[in-house]
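Descriptive analysis of the structure
Here are the chains, one letter per residue:
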Amino acid sequence: MEDVIAATNRIIDKYGANSESLVEILRELNDVGGYLTTEHLAQAAKRLRVPESKVASVASFYSLISLEPMGRHVIRFCQDAPCHVVGGREVWEALEHELGIPFGETTLDGEWSLMTTSCIGACAVGPVMMVDEDIYGNLTPERAREIIARYRTASRQAAQSAERAGFAAQGGQE
Amino acid sequence: MIRSTILVSGDPISLSRGAEETKLAIEAELSFYGLEDEVQVGYTGRVNRTDVLPVVVVYPEGTVYGPVTPRDGSEIVEEHLYKGRVVDHLTVAAEIAAAEIDTLGELSDTLYGQKRIVLRRAGLIDPYSIDDYIAEDGYFALATALTDMTPDDVLQTVKNSNLQGRGGAGFPTGLKWSFVAQQAEPTRYIVCNADESEPGTFKDRLIIEGDPHSVLEGMALSGYAVGAHEGWIYIRGEYVMARDILNRAIAQAEEMNLLGDGILGSDFSFHIHVHAGAGAYICGEETALLNSLEGQRGIPRIRPPYPTVSGFRGMPTVVNNVETLANVAPIVLNGADWFRAIGTNRSPGTKVYTMLGDVNITGLVETPMGTTLREIIDIYGGGVKDGKAFKAAQTGGSSGTIIPADLLDVPMDFASMQEKGAGLGSGALLVCDEDTDIVDLAYVLVRFFMTESCGKCTPCRVGNVQMLESLERLRKGMARRSDLERLEEIADFVQQSSFCGLGQAAPVPILTGLRYFRDEFEARLRA
Ligand SMILES: Cc1cc2nc3c(=O)[nH]c(=O)nc-3n(C[C@H](O)[C@H](O)[C@H](O)COP(=O)(O)O)c2cc1C
Ligand code: FES
């Protein structure tokens, strides 16, 4: 995998080593691994010639930039009024129940983070949540559970086929 | 490499039947199969036969499916795009497909009786094609301005049109431009505010996704009028597809010399850049936006100086909303009188609303200024859902007023709404039926402001937390009368003493909720 310094440099080169692009650089860098470490921030500070404290303060301001590790899948559930009045509260409860964690936390196995988001402009089909980059609308408690189940099945299948591939590779060596 | 394009019909009928959700399902499924970089998805097309809406067309094959539910959309991706097999049971009959699908359908002002200026091409043209835009009068206003009009002619036309900013405050656009044009400093900027984070608002996204060049052309005209050569679009970080569409549109326009150096052989040059945010509601406030554009925390600046004097990089800057800019080319093309003939005397033109909540049809509506809320709900929204009674509406997004049934017949424009102590704001219309719990609604709205407060000033940072706590107690039936009095006091204080518009607006839902629905708050007090 690309290391922190290489990833940081690649994205800085894309936008140009210019402090005006700091917010865009941090956001895109965040998308690479899901969150930023002090190493990312230090490298960005060095390349853009701004104090590390400034980079950290900018990073902490924006909600699409995270300074904490996140689960493999991140759910962002819309908590705003238009989604709320069309049944958001029931879905909110179903999500907490299904994942066994309150909002703001990550499951112990590191699979899921359950976060809220402000309106993402999909309110015509509310209640709405994002799973990673994808938006799911017209949620009901049931549909929310179905969607989570789908991701769970997909990860199980991926794990199994990785295991099979591992066996095959070993078999080939013998 | 793009190998296929999927277009979903985006007309109001399709949208009312869930086209947007179908499109979302298709996008989700594409990324599930890792196809998101190979297949592009957009809105387009209009079908004369409404029984097959919403339709989904897969290019290059030209396969037409309809009507397509979100579940069908997932199936089409899995079968057609992933496995390469046409989903026979979802295709429409060949003769309908051939005769009825017109990707560049004739313009219609009369869909649902809407008057369309800003959205007249959205859903009818391919947003990825500059040729489609040009075929529908695109860049004609810019070409005319550059050949037959002086910058001041353009400025005067916009001034005479009485166009008011659609970002919320309704400030006269021509006047704002003239402030910038008057500055001695020769370096000036045009900034398009596409931050659109007001809950319940997504008009700017759909304008960009449906007709990106209309915004670019408006910016170029604005640049010509005030003598700016550089424009920046600040778009919210979550709008990934809209950003992509804008970047492609800019590249196409530059290729055809409709943007860039010496546009169409004139000596006017104008370059547009796109800058994406990273998630912060406050960045929609123009001075916070400018800070964010410069790579800083999105904290509001002290005004004055206003951006028109000292804005981006300290230079005179026009900041205008997406919808405002999308009105400019039609005004320059058709003249100020044409524009003033639409809407009301004080607020000419149309307004794009997002209608949400307990109505039968949710989505985008563009109608002349002065249309009443009752008309919008009954005609475009298909009435309140399940035949229930209307209780309240919130206009203008989270910071908007909660209004009761008595105000349903106020002609909605900036001035008339203001006279009633209400606002048009971002154009969000959230309709609540008789079952809505107003205390609960106020709680959710205050939670939004608590989350989004930038923390710069104490009244807003602390006040929102305190208001939320009071509402939480009220919601649980634990509040006493003194708590309610305190809630009102804090709300007043936060409104009076916050630094920027965010804090000043945060208490509005509580204060108006209390004004019109006090009995509901009182009913929740502890006996
Ligand atoms: C808290 C806050 C959030 C705002 N958000 C937006 C926004 O998302 N989009 C927008 O165009 N204007 C927003 N505004 C208004 C802008 O400050 C500014 O008035 C507007 O962009 C000017 O454009 P206009 O004259 O075309 O309306 C916001 C204002 C405040 C106080
Ligand atoms: S309020 Fe939930 S997406 Fe807009």
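To keep things clear, this report deals only with the structure shown in the data block. (Residues numbered from 1 in each chain as written. Chains lettered and ligands numbered in written order. Predicted model: local features only at pLDDT ≥ 70, side-chain atom pairs only at ≥ 80, totals over all residues. Heavy atoms only, no water.)

Turning to the interface of chain A and chain B, a few remarks are in order. The interface of chain A with chain B comprises 41 residues on the first partner and 56 residues on the second. Where chain A abuts chain B, roughly 3900 Å² becomes buried across the two surfaces, and 53% of that area is made up of carbon and sulfur atoms. Counting the surface chain A buries against chain B, the share from its top three residues, Glu20(A), Phe61(A) and Tyr62(A), is 17%. Linking Arg89(A) and Asp440(B) is a salt bridge whose minimum nitrogen-to-oxygen distance equals 2.9 Å. Secondary-structure elements contributing two or more residues to the side of chain A that touches chain B are helix 2 (22-33), helix 4 (52-61), helix 5 (81-99), strand 5 (134-136) and helix 6 (141-173) of chain A. Take the side of chain A that touches chain B: its biggest share by element is 7 residues, from helix 5 of chain A. Counted by class, the side of chain A that touches chain B contains 21 nonpolar, 10 polar and 10 charged residues. (Contact = heavy atoms within 4.5 Å. Buried area = accessible area lost by both parts, 1.4 Å probe. Salt bridge = Lys/Arg side-chain N within 4 Å of Asp/Glu carboxyl O. Helix = DSSP H or I, 4+ residues; strand = E, 2+ residues; numbered from the N terminus. Nonpolar A, V, L, I, M, F, W, Y, C, P; charged D, E, K, R; others polar.)

Further remarks concern empty space enclosed by the protein. Residue and element names in this part refer to chain B. Overall, the coordinates contain 4 cavities of 30 Å³ or more when judged by the stated rule. Here the largest cavity defines a volume of roughly 150 Å³. Lining the largest cavity we find 11 residues, and of these Gly10, Leu15, Ala122, Leu206 and Leu364 sit closest to its centre. Elements with a contribution of two residues or more to the lining of the largest cavity: helix 1 (12-16) and helix 9 (203-210). In terms of residue class, the lining of the largest cavity is made up of 7 nonpolar, 3 polar and 1 charged. (1 Å grid on protein atoms, 1.4 Å probe; cavity = no way out; pocket = protein on both sides within 12 Å on 5 of 7 lines; lining within 4 Å. Points joined across faces, edges and corners; volume = space filled by probe spheres on them.)

This next bit is on the sheet that holds strand 10 (residues 317-321) of chain B. Residues and elements named next belong to chain B. What the 4 strands build is an open sheet, ordered 9-8-7-10; its pairing is parallel. Both outer strands of the open sheet, strand 9 (271-276) and strand 10, are each paired with one neighbouring strand and no more. The sheet shows a mean angle of 20° between the axes of neighbouring strands, taken without regard to direction. Pairing between strand 8 (residues 230-235) and strand 9: 6 bridges, direction parallel. Of the residues in strand 9, the one forming a bridge with Glu230 is His271. Relative to strand 9, helix 11 (residues 240-255) is tilted by about 165°, and along the sheet it contacts strand 8 and strand 9. (Pairing = 2+ DSSP bridges. Axes fitted to C-alpha atoms, helices over the stretch in contact; angles between N-to-C directions.)

Residues and elements named next belong to chain B. Strand order across the open sheet formed by 5 strands is 12-11-15-13-14, with mixed pairing between neighbours. Both outer strands of the open sheet, strand 12 (363-368) and strand 14 (401-404), are each paired with one neighbouring strand and no more. Mean inter-strand twist for the sheet, computed between neighbouring axes without regard to direction, equals 30°. Judged from the 5 bridges that link them, strand 13 (residues 390-395) and strand 15 (residues 428-433) form a sheet pairing that is antiparallel.

Right, let's get into the packing of helix 18 (residues 438-452) of chain B against helix 22 (residues 508-523) of chain B. Residue and element names in this part refer to chain B. Look at helix 18 against helix 22: their axes get within 10 Å of each other, and the N-to-C directions meet at 160°. Between helix 18 and helix 22, the crossing angle belongs to the class labelled roughly antiparallel. Considering only the axes of helix 18 and helix 22, their crossing is left-handed. Facing Ile438, Val439, Ala442, Leu445 and Val446 of helix 18, the residues of helix 22 in contact are Pro509, Ile510, Phe517, Glu520 and Phe521. Residues belonging to the contact of helix 18 with helix 22 are distributed by class as follows: 9 nonpolar, no polar and 1 charged. (Parallel < 35°, antiparallel > 145°, perpendicular 65-115°, else oblique. Left-handed = near helix turned anticlockwise from the far one by under 90°.)

Inspection of the entire model under this criterion finds 19 aromatic pairs over all chains. Of the aromatic side chains, those joined through ring pairs into one cluster are Trp112(A), Tyr136(A), Tyr151(A), Phe32(B), Tyr33(B) and Tyr82(B). In this structure, Arg150(A) packs its charged tip against the face of Phe32(B), placed 4.6 Å from the ring centre. Across the ring face of Phe499(B), the terminal group of Lys456(B) is positioned such that the distance to the ring centre comes to 4.6 Å. (Phe/Tyr/Trp six-rings, centres within 6.5 Å; stacked < 30°, edge-to-face > 60°. Lys NZ or Arg CZ within 6 Å of the ring centre and 35° of its normal.)

The next subject is the pairing of strand 7 (residues 189-194) of chain B. Residues and elements named next belong to chain B. Burial within strand 7 is extensive, with 6 of its 6 residues counted as buried. On strand 7, burial covers both faces: Tyr189, Val191 and Asn193 on one face and Ile190, Cys192 and Ala194 on the other are all buried. Looking at chain direction, strand 7 and strand 10 are connected through 5 bridges and run parallel. Bridging from a neighbouring strand, Val191 pairs with Val319 of strand 10. Where strand 7 lies against strand 8, 6 bridges are found, and the strand directions are parallel. Counterpart to Cys192 in the pairing with strand 8 is Ile233. (Buried < 20%, exposed > 50% of the residue type's maximum accessible area, 1.4 Å probe, protein only.)

With that settled, the discussion passes to the site of ligand 1. Residue and element names in this part refer to chain B. Looking at ligand 1, there are 18 residues lining it, with Gly167, Lys176, Asn320, Asn321 and Thr324 nearest. Arg166 is positioned with one of its backbone polar atoms (N or O) 3.4 Å from an oxygen atom of ligand 1. At 2.7 Å, a backbone N or O of Gly167 approaches an oxygen atom of ligand 1. Burial of ligand 1 by the protein amounts to 86% of the accessible area it has alone, namely 610 Å². Looking at the shell around ligand 1, the elements that each hand over two or more residues are strand 10 and helix 21 (501-505). For the shell around ligand 1, the element with the most residues is strand 10, which contributes 3 residues. (Near = heavy atom within 4 Å. Polar contact = N/O pair within 3.5 Å; in protein donor to acceptor, adjacent residues only side chain to side chain. Areas by Shrake-Rupley, 256 points an atom, 1.4 Å probe, with all protein chains shown as cover.)

The next thing to look at is the nonpolar core. All names here are of chain B. In terms of nonpolar packing, the biggest core is built from 115 residues, with Phe270 and Leu471 touching the most fellow members. Contacts of Leu471, omitting those with residues within four sequence positions, involve Val439, Ala442, Tyr443, Val446, Leu487, Ile510 and Phe521. Core analysis: the next-biggest nonpolar cluster, separate from the first, contains 45 residues, Ala278, Phe312, Cys454 and Cys500 among them. (Core = buried A, V, L, I, M, F, W, Y, C linked by side-chain atoms within 4.5 Å.)

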